[in-house]
Amino acid sequence: MLENVNQSQPQKITYLPFHDKNFWDSFYQKHFQQNDSPNINWYFDLTSYSTSEFSLKNFSKEEEILLVGVGLESTLDYLESNEFENITIFDFSEELTKFLINKYNKEWDIETLDISKKNTELAGYFNVIIDKGCLDCILSDPKNGEEKYITALTNLSIWLEENDGVLYYFSNGKPEDRTQLFVKVDKIKYKVDTIDMNENMKDEYKEFNKSDNIYYLYTITKGQ
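No experiment lies behind these values; they were computed from the predicted model shown. (Residues numbered from 1 in each chain as written. Predicted model: local features only at pLDDT ≥ 70, side-chain atom pairs only at ≥ 80, totals over all residues. Heavy atoms only, no water.)

(A) Highlighting the overall build of the protein chain. Scanning the protein chain from terminus to terminus reveals 7 helices and 7 strands. Secondary structure elements of the protein chain occur, N-terminal to C-terminal, as α-β-α-β-α-β-β-α-α-β-α-β-α-β. Classification of the 224 residues of the protein chain by burial places 43% in the buried group. Contacts in the protein chain between residues at least 24 apart in sequence constitute 68% of all its contacts with a sequence separation of at least 6. Within the structure as shown, the protein chain displays about 13,200 Å² of accessible surface, and the carbon and sulfur contribution to it stands at 45%. (Helix = DSSP H or I, 4+ residues; strand = E, 2+ residues; numbered from the N terminus. Buried < 20%, exposed > 50% of the residue type's maximum accessible area, 1.4 Å probe, protein only. Contact = heavy atoms within 4.5 Å. Areas by Shrake-Rupley, 256 points an atom, 1.4 Å probe, with all protein chains shown as cover.)

(B) Layout of the nonpolar core. Phe54, Phe59, Leu67, Ile89, Leu100, Ile130 and Phe170 are the most contacted members of the largest nonpolar core, which has 37 residues in total. Listed by contribution, the elements that provide at least two residues to this core are helix 1 (21-34), strand 1 (65-68), helix 2 (74-81), strand 2 (87-91), helix 3 (94-103), strand 4 (128-132), strand 5 (166-171) and strand 7 (214-222). With sequence-adjacent residues up to four places away left out, Leu67 is seen in contact with Thr75, Leu76, Leu79, Ile87, Thr88, Ile89, Phe90 and Ile130. If you look at the next biggest cluster of nonpolar residues, it comprises 25 residues, including Leu66, Val68, Ile129 and Leu156. (Core = buried A, V, L, I, M, F, W, Y, C linked by side-chain atoms within 4.5 Å.)

(C) Up close: the pairing of strand 4. Across the 5 residues of strand 4, 5 count as buried, placing the element largely inside the fold. Burial along strand 4 is two-sided: Val128, Ile130 and Lys132 facing one way and Ile129 and Asp131 facing the other are all buried. Note that strand 1 and strand 4 share 4 bridges and pair parallel. Counted as the bridge partner of Leu66 is Ile129 from strand 4. (Pairing = 2+ DSSP bridges.)

(D) A look at the packing of helix 5 (residues 145-159) against helix 6 (residues 175-182). One can describe the packing of helix 5 onto helix 6 by two numbers: an axis separation of 10 Å at closest approach and a directional angle of 65°. Relative to helix 6, the element helix 5 lies roughly perpendicular. Judged by the sense of rotation from one axis to the other, the crossing of helix 5 with helix 6 is right-handed. On the side of helix 5, the interface is formed by Glu146, Tyr149 and Leu153, while helix 6 contributes Arg178, Leu181 and Phe182. Broken down by class, the residue content of the contact of helix 5 with helix 6 amounts to 4 nonpolar, no polar and 2 charged. (Axes fitted to C-alpha atoms, helices over the stretch in contact; angles between N-to-C directions. Parallel < 35°, antiparallel > 145°, perpendicular 65-115°, else oblique. Left-handed = near helix turned anticlockwise from the far one by under 90°. Nonpolar A, V, L, I, M, F, W, Y, C, P; charged D, E, K, R; others polar.)

(E) Just the sheet that holds strand 1, in detail. Taken together, the 7 strands give an open sheet; going across it, the order is 3-2-1-4-5-7-6, and neighbouring strands pair in mixed fashion. Looking at which strands have only one partner, the edges of the open sheet turn out to be strand 3 (109-112) and strand 6 (188-196). This sheet shows a mean twist of 15° between the axes of neighbouring strands, independent of strand direction. One ladder, built from 5 bridges, connects strand 5 with strand 7; its direction is antiparallel.

(F) Layout of the packing of helix 1 against helix 3. It is the contact of helix 1 with helix 3, at a shortest axis distance of 7 Å, that shows an interaxial angle of 45°. Taken together, the axes of helix 1 and helix 3 lie oblique to each other. Between helix 1 and helix 3, the contacting residues are Lys21, Asp25, Tyr28, Gln29 and Phe32 on the first element and Glu94, Glu95, Leu96 and Phe99 on the second. Here the contact of helix 1 with helix 3 is built from residues that sort into 4 nonpolar, 1 polar and 4 charged.

(G) Examining the confidence of the model for the protein chain more closely. Averaged over every residue, the pLDDT of the protein chain is 87; the share at 70 or more is 86%. No element of the protein chain has a lower mean pLDDT than helix 7 (residues 203-209), at 50, and none a higher one than strand 1, at 98. Every residue in residues 1-14 scores below 50 in pLDDT, and together they form 0 contacts with partners more than four places removed in sequence or on other chains. (pLDDT = per-residue confidence, 0-100.)

(H) Looking closely at the pattern of salt bridges. Taken as a whole and judged by the stated rule, the model has 9 salt bridges. Notably, a salt bridge pairs Glu73 with Lys132, separated by 2.6 Å at the nearest N-O pair. Here Glu73 is found in the loop between strand 1 and helix 2, whereas its partner Lys132 is found in strand 4, with 59 residues between them in sequence. Glu73 sits in the buried class, given a relative accessible area of 3%. Residue class for Lys132 comes out buried when judged on its relative accessible area of 6%. (Salt bridge = Lys/Arg side-chain N within 4 Å of Asp/Glu carboxyl O.)

(I) Structural view of helix 5. With 15 residues, helix 5 extends 21 Å between its outermost C-alpha atoms, agreeing within 8% with the 21 Å of an ideal straight helix rising 1.5 Å per residue. Burial in helix 5 covers these residues: Gly145, Lys148, Tyr149, Ile150, Ala152, Leu153, Asn155, Leu156, Ser157 and Trp159. (Expected span 1.5 Å × (residues − 1).)

This is how it looks when you write it as structure tokens:
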């Protein structure tokens, strides 16, 4: 029998309540008090990401574009500076939507809306939907995250234009975890691309960021 072995248990990992509206309202209240509203790019800066599958430069100004849970992404400044007008933004933080309405004082439709609640009013409306982290936050709810996630993804698929609509879903969720949820949503197709952001980092940072900077792009369209 071994003696003098450290029997202590690993420290339990705890997660912030990213699924909670009150968490985000409080987060943005503090952020706006302490900062001059600098951008926060969840996971990575989408304006610097460009592949054959996705590039902001390839978007047409005529397309109806929806961003969900967008936060303070640099994406918004890019769309504004390039004079995109058909932009809709949904976020369930009232603190954030009030700020965005003031900052982007133009004909953008910015609304406080929880996409995890069933909503079919916008069926077939959007050519492009972009989500970078919103669905992941919904899934983090320990009580009913999976149920809410499936409802949210169902909403997004319903909102897509019937023939050419595309949902670009950027996630830190591995394909073996996410695709088992996709099959629970009716009539969607998907492709998966791995995004290794370490390739875009300076060498001195790679050692510290490898485990945290692998993401996935799920390109989702309507199936038959």
